[in-house]
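Take a look at the letters that make up each chain.
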Amino acid sequence: MLTVLIDYDSGNLHSAEKAFQRMAAEVGGGEVIVTDRPDDVARADRIVLPGDGAFPACREALMARDGLFEAIREGAVERAKPFMGICVGMQMMATVGREYRDTDGFGWVAGEVVKITPSDASLKVPHMGWNNLVLEAQHPVLEGVETGDHAYFVHSYHMVVEQSSSRLAHVDYGGDVTAIVATQNMIGLQFHPEKSQEAGLRMIANFLTWKP
Amino acid sequence: MLKTRIIPCLDVADGRVVKGVNFVDLIDAGDPVESAKAYDAAGADELCFLDIHATHENRGTMFDLATRTAEQCFMPLTIGGGVRTPEDVRDLLLAGADKVSFNSAAVADPDVVARAADRFGSQCIVVAIDAKTVSPGKWEIFTHGGRRETGIDAVEFAKTVVAKGAGEILLTSMDRDGTRAGFNLPLTRAISDAVSVPVIASGGVGNLDHLVEGVTEGGASAVLAASIFHFGDYTIREAKEHMAAAGIPMRLS
């Protein structure tokens, strides 16, 4: 079993790597590597796409790597391997991102990524820190996770989904902010599971044993 | 609902904690990673390492610390001290930091904040502002550990660096730092009201009511403290319960 964390020079993969490796060791999840090589992605059993920074910059950096996105798409869409997007990696699963300018997403989850606009003007953006999840649906990756569990967020934009069935969880920040989306073999987390202590590690462990 | 964060800060020199952390059960109270693990287990919301005499020669020790901490603590880590260029930010992020804090370098050249934020995203760029009261209702930036006056207005500077892309402000009141007399609340409120991004209040915490005031009166999104936790005066849990009892949303589970 091989899980790849996609490295396209977007942020800190070290802690994600360590968190996935630790949970893989606990649940017998096999090998976890950080890579930017399409051939590694092609032979992987699970694909994780992290992402920090602005939507257009992340997409550009990913697409700039020869064959990398094609390998991800083939694995996640055609071969239906378990896929997890984290933060901007999750946002890019949407149809379109509105950060700075309109940028095409992968179109895997119908929706758009828009600026967070809390109804209470005293709430700061970015939405930074620990917020408690409100689960809207059950999912194998959320096994053992409950409404009220905290996750660590750092973001100014979030995904508004077209079909409510593709959203699994939100948090309250002067209105609903999308926290988790899913469709078939894909799940997207707006927060950082590798920074979210117990609940985050549990979701990582569940993902590593998920058989969609 | 978003919770107010409590952030213990460890001053580090040459890879060792300067003020030892007075926790029971620590094998090596001077090892920042041991302290970080203890704070992780205690429910701290984030951690901050500040390299207090960062030099070119000892930068490797901070990278090593970041790496070892990230391997063992699955919580957010901010590192500051001696950060001058976007390459410094990149090196620390790759080593395992989640956020990197500029201080003097941002005062000397606020555009370094923009260069770093454009490249790595605002979410990981913190600007640490050290300010002193120069007259009632007026605060100025001081650098080099509060020794060097710059004549720059703290509120204006905060607005500038946020416009350049800072994702968070770590505000230390130099007239309160080390006094245990409480945060400089008017300063904290002035900065917090002036910027759209979260402000971390720092400098002067002596008791748990000070933490409460930083949020309720100062408008801070997070509170940073060192001595009251390191010396074992209060636990993170006691601080959280005290703040929760005062009506502040805290992460208690």
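Cut-offs used in this document
- Residues numbered from 1 in each chain as written.
- Chains lettered and ligands numbered in written order.
- Predicted model: local features only at pLDDT ≥ 70, side-chain atom pairs only at ≥ 80, totals over all residues.
- Helix = DSSP H or I, 4+ residues; strand = E, 2+ residues; numbered from the N terminus.
- Rg over C-alpha atoms; globule rule 2.2 N^0.38 Å.
- Buried ≥ 20, exposed ≤ 12 C-beta atoms within 10 Å, placed from the backbone.
- Contact = placed C-beta atoms within 7 Å.
- Expected span 1.5 Å × (residues − 1).
- Pairing = 2+ DSSP bridges.
- Nonpolar A, V, L, I, M, F, W, Y, C, P; charged D, E, K, R; others polar.
- Axes fitted to C-alpha atoms, helices over the stretch in contact; angles between N-to-C directions.
- Arc of directions from axis to C-beta.

1. Some words on the overall build of chain B
Item 1. For chain B, the count of helices and strands is 10 helices and 11 strands.
Item 2. Relative to the 2.2 N^0.38 estimate, which gives 18 Å for 253 residues, the radius of gyration of chain B is 17 Å and therefore close to what a compact globule would have.
Item 3. Projected onto its principal axes, the C-alpha coordinates of chain B cover approximately 45 × 40 × 35 Å.
Item 4. By residue count, 55% of the 253 residues in chain B fall in the buried class.
Item 5. The long-range share in chain B, meaning contacts at least 24 apart out of those at least 6 apart in sequence, stands at 64%.

2. A word on the overall build of chain A
Item 1. Within chain A one finds six helices and 14 strands.
Item 2. Against the compact-globule benchmark of 17 Å for 212 residues, chain A has a radius of gyration of 16 Å, which places it among compact chains.
Item 3. The principal-axis extent of the C-alpha atoms belonging to chain A is close to 45 × 35 × 30 Å.
Item 4. Counting the 212 residues in chain A, one finds 55% classified as buried.
Item 5. Within chain A, counting contacts between residues at least 6 apart in sequence, those at least 24 apart form 70% of the total.

3. Examining helix 1 (residues 14-27) of chain A
Item 1. When the terminal C-alpha atoms of helix 1 of chain A are compared, their 20 Å separation across 14 residues agrees well with the 20 Å that a helix rising 1.5 Å per residue should span.
Item 2. If you check which residues of helix 1 of chain A are buried, you get His14, Ser15, Ala16, Glu17, Ala19, Phe20, Met23 and Ala24 of chain A.
Item 3. Against the buried residues of helix 1 of chain A lie strand 1 (2-6), strand 2 (31-35), strand 3 (46-49) and helix 6 (197-209) of chain A together with helix 2 (59-72) and helix 3 (86-95) of chain B.

4. As for the sheet that holds strand 12 (residues 167-172) of chain A
All names here are of chain A.
Item 1. Spatially, eight strands are ordered 2-1-3-4-14-13-12-9 in an open sheet, and the strand pairing comes out mixed. Two strands lie at the open edges of the sheet, namely strand 2 and strand 9 (134-135), each paired on one side alone.
Item 2. Here strand 3 runs beside strand 4 (residues 83-86); their pairing, made up of three bridges, is parallel. Bridge pairing in strand 4 places Ile47 opposite Phe83.

5. Details of the interface of chain B and chain A
Item 1. Residue-level contacts link 30 residues of chain B with 29 residues of chain A.
Item 2. Elements with a minimum of two residues in the side of chain B that touches chain A: helix 2 and helix 3 of chain B.
Item 3. Classifying every residue of the side of chain B that touches chain A gives 14 nonpolar, nine polar and seven charged.

6. Brief notes about the packing of helix 2 of chain B against helix 3 of chain B
Item 1. Where helix 2 of chain B contacts helix 3 of chain B, the axes come no closer than 8 Å and their chain directions differ by 35°. Across the interface between the two elements, Phe63, Ala66 and Thr67 of chain B of helix 2 of chain B pack against Asp91, Leu92 and Ala95 of chain B of helix 3 of chain B.

7. Looking at unusual backbone geometry
Residue and element names in this part refer to chain A.
Item 1. A cis amide bond links Val125 to the next residue, Pro126, at an omega of 10°.
Item 2. Here the phi dihedral of Cys87 falls at roughly 60°; this positive angle occurs in a residue that is not glycine.
Item 3. Here Cys87 shows up in the loop between strand 4 and helix 5 (88-91).
Item 4. Of the residues examined, Cys87 has 26 C-beta atoms within 10 Å and is grouped as buried.
Item 5. For Gln197, which is not a glycine, the phi torsion comes out positive at approximately 45°.
Item 6. Topologically, Gln197 is positioned in helix 6.
Item 7. The class of Gln197 is buried, set by 22 C-beta atoms lying within 10 Å.

8. Concerning the pairing of strand 10 (residues 150-155) of chain A
Residues and elements named next belong to chain A.
Item 1. The element strand 10 is largely enclosed, with a buried count of six among its six residues.
Item 2. By the alternation rule, side chains of strand 10 split into His150, Tyr152 and Val154 and Ala151, Phe153 and His155, which are all buried.
Item 3. Alignment of strand 8 (residues 127-132) against strand 10, held across six bridges, turns out to be antiparallel. Within strand 10, the residue paired with Asn132 across the bridge is His150.

9. Remarks on the environment of Phe183 of chain B
Residue and element names in this part refer to chain B.
Item 1. With respect to the secondary-structure elements, Phe183 resides in the loop between strand 9 (168-173) and helix 7 (185-194).
Item 2. A sequence separation of 20 residues divides Phe183 from Gly203, and the C-alpha atoms of the two residues are 5.8 Å apart.
Item 3. Leaving out residues up to four positions away in the same chain, Phe183 has contacts with Ser173, Arg176, Thr188, Ala201, Gly203, Gly204, Val205, His210, Glu213, Gly214 and Gly218.

10. Structural notes on the sheet that holds strand 5 (residues 94-97) of chain A
All names here are of chain A.
Item 1. Strand order in the open sheet made by the four strands is 6-5-7-11, with mixed pairing throughout. Because the sheet does not close on itself, it has two edges, and the strands there are strand 6 (103-104) and strand 11 (157-161).
Item 2. Note that strand 5 and strand 7 (residues 109-115) share three bridges and pair parallel. Following the sheet pairing, Val96 is matched in strand 7 by Glu112.

11. Quick word on the environment of Leu187 of chain B
Residue and element names in this part refer to chain B.
Item 1. Tracing the backbone shows Leu187 in helix 7.
Item 2. Under the C-beta neighbour-count criterion, Leu187 is labelled buried, with 27 such atoms within 10 Å.
Item 3. Sequence separation between Leu187 and Gly81 is 106 residues; the distance between their C-alpha atoms is 23 Å.

12. So, helix 6 (residues 154-164) of chain B
Residues and elements named next belong to chain B.
Item 1. Those residues of helix 6 lying buried are Ala154, Phe157, Ala158, Val161, Val162 and Lys164. In an axial view of helix 6, the angular spread of the buried residues amounts to 155°, which keeps them on one side of the axis.
Item 2. Positive backbone phi, at 125°, marks Gly165, one or two positions downstream of helix 6.

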